[in-house]
Amino acid sequence: HTHTHTHISAATVLHNHHHNHNSSSISQRLHNSRLGLRVMQRLVRSCDCVLEVHDARLPRSGRNPNFNLLREKPRIVILNKRDLADRSLEKSIVREYAERGEQAIFTDCRQQTAREFRKVVRAVLSHATDKCFDREVPGVRALAVGMPNVGKSSLINALRRSQVKRGKAASTGDRPGVTRAVQTHIKINERPAAYLIDTPGVMIPNVTNSEVGMKLALVGTLRDELVGETLVCDYLLFALNRAQEFGYVEQYGLDGPCDDIDVVLEAVARKAGKLLPGGVPDLHGAACFMLRRYRGGAFPSMTLDNINLAPLDAAPS
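Residues numbered from 1 in each chain as written. Predicted model: local features only at pLDDT ≥ 70, side-chain atom pairs only at ≥ 80, totals over all residues. Heavy atoms only, no water.

Chemist: Talk me through unusual backbone geometry; I want residue IDs and the actual numbers.
Modeler: Look at the link from Arg191 to Pro192: it is a cis peptide, with omega at -5°. Positionally, Pro192 belongs in the loop between strand E5 (183-189) and strand E6 (194-198). Despite not being glycine, Lys81 has its phi angle at roughly 65°, a positive value. A positive phi is found at Gln244, a non-glycine position, where the angle reads about 55°. (Helix = DSSP H or I, 4+ residues; strand = E, 2+ residues; numbered from the N terminus.)

Shown next as structure tokens:
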């Protein structure tokens, strides 16, 4: 496959962004990320368990190694956006987590089945102890953590609606990092009382592996401008070809499967009417269009981690 260039350039892009002293927004974000973790470590002491929300497409590389600092409390791992991942892998992923003493639950906040959410609430309630009900605000407490854009706010809103029949608690948006301030005590169950304590998404502070960086960018956890939409699209094309999902060929009027992103983006531009003056295909516009379509569920559901390889590491890279 001719995609080595993508990974080299992606690695370079990510490397440069992490090591340029002039990229103050990055260092600011890392500072916020460290602050966020300190806040979490303080909050977790008064909680009974940790609800770790992830994107179901990245059951391995989507985990933030820093969340290991919250190890002192039992963890419930929520693999959200299951509708965008390969459902046939769910059983083996749940088994893999169970072998490490962690409970994994798959959810889809768009379909919002009450059954899924009852399962999450039951998992939180299973960590109830007598001292939970001696608190100032009696009830079981779960600290909700996750990386940006994994659908944590949507999950909290869905839990709150399905359990307590009340409206939105957390603001949602498709831009990474929408949940700003820590929101305390979001009620998700009435009797016995159970609360979620929400936290802002905390990004992996250093993406050392360029492929992990690409995956995180593709699912929208890393901001597109950190990597560049065209490179992220190149990775999407690589993932589609690897999964032998060739629907894009017919969709965009190509002659056959293709691994040249420029050729594909040119076809996308013509099909979607993304043209510059003089009828020149707007490749950047086409890349943004293709990513929006992928993130909106217009492409086949794929799990981006190859879970048929080695089992999960204790501290994912």
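Okay, back to it.
Chemist: Break down the packing of helix H8 (residues 229-242) against helix H10 (residues 261-272) for me, with residues and values.
Modeler: One can describe the packing of H8 onto H10 by two numbers: an axis separation of 10 Å at closest approach and a directional angle of 100°. Here H10 runs roughly perpendicular to H8, going by the angle between their axes. On H10, the residues touching Thr230, Cys233, Asp234 and Leu237 of H8 are Ile261, Val264 and Leu265. In terms of residue class, the contact of H8 with H10 is made up of 5 nonpolar, 1 polar and 1 charged. (Axes fitted to C-alpha atoms, helices over the stretch in contact; angles between N-to-C directions. Parallel < 35°, antiparallel > 145°, perpendicular 65-115°, else oblique. Contact = heavy atoms within 4.5 Å. Nonpolar A, V, L, I, M, F, W, Y, C, P; charged D, E, K, R; others polar.)

Chemist: Residues and numbers for the environment of Gly101, please.
Modeler: With respect to the helices, strands and loops of the structure, Gly101 is situated in the loop between helix H3 (90-99) and strand E3 (103-106). Using a relative accessible area of 65% as the deciding quantity, one classes Gly101 as exposed. (Buried < 20%, exposed > 50% of the residue type's maximum accessible area, 1.4 Å probe, protein only.)

Chemist: Can you lay out the state of the cysteines for me, pointing to particular residues and giving the numbers?
Modeler: On inspection of all chains with the given rule, the structure shows 0 disulfides. Cysteine Cys132 is unpaired, with the sulfur of Cys49 as its nearest cysteine sulfur at 8.8 Å. According to the relative accessible area criterion, Cys132 is buried, its value standing at 0%. (Disulfide = S-S within 2.5 Å.)

Chemist: Go over a positive patch on the surface with me, naming the residues and quoting the values.
Modeler: Taken together, the side chains of Arg115, Arg118, Lys119 and Arg122 make up a positively charged region of the molecular surface. With respect to the helices and strands, the residue Lys119 is situated in helix H4 (residues 114-125). (Patch = residues over 30% accessible without salt bridge, like charges linked within 9 Å, V, L, I, M, F, W, Y side chains within 5 Å. Areas by Shrake-Rupley, 256 points an atom, 1.4 Å probe, with all protein chains shown as cover. Salt bridge = Lys/Arg side-chain N within 4 Å of Asp/Glu carboxyl O. Lys, Arg positive; Asp, Glu negative; His and termini not counted. Charge placed at Lys NZ, Arg CZ, Asp CG, Glu CD.)

Chemist: Describe helix H6 (residues 210-218), and please don't skip the residues or the numbers.
Modeler: Most of H6 is tucked away: 8 of the 9 residues are buried. Turning to H6, its buried residues number three or more, namely Ser210, Val212, Gly213, Met214, Lys215, Leu216, Ala217 and Leu218. The first or second residue beyond H6 is Gly220, which carries a positive phi of 90°.

Chemist: Give a detailed account of the packing of H6 against H8, specifying residues and quantitative values.
Modeler: Between H6 and H8, whose axes approach to 9 Å, the crossing angle comes to 95°. One way to sum up the angle between H6 and H8 is to call them roughly perpendicular. Counting all contacts with H6, which are made through Glu211, Met214, Lys215, Ala217 and Leu218, the residues of H8 involved are Leu231, Val232, Tyr235, Leu236, Phe238 and Arg242. For the contact of H6 with H8, the residue count by class is 8 nonpolar, no polar and 3 charged.

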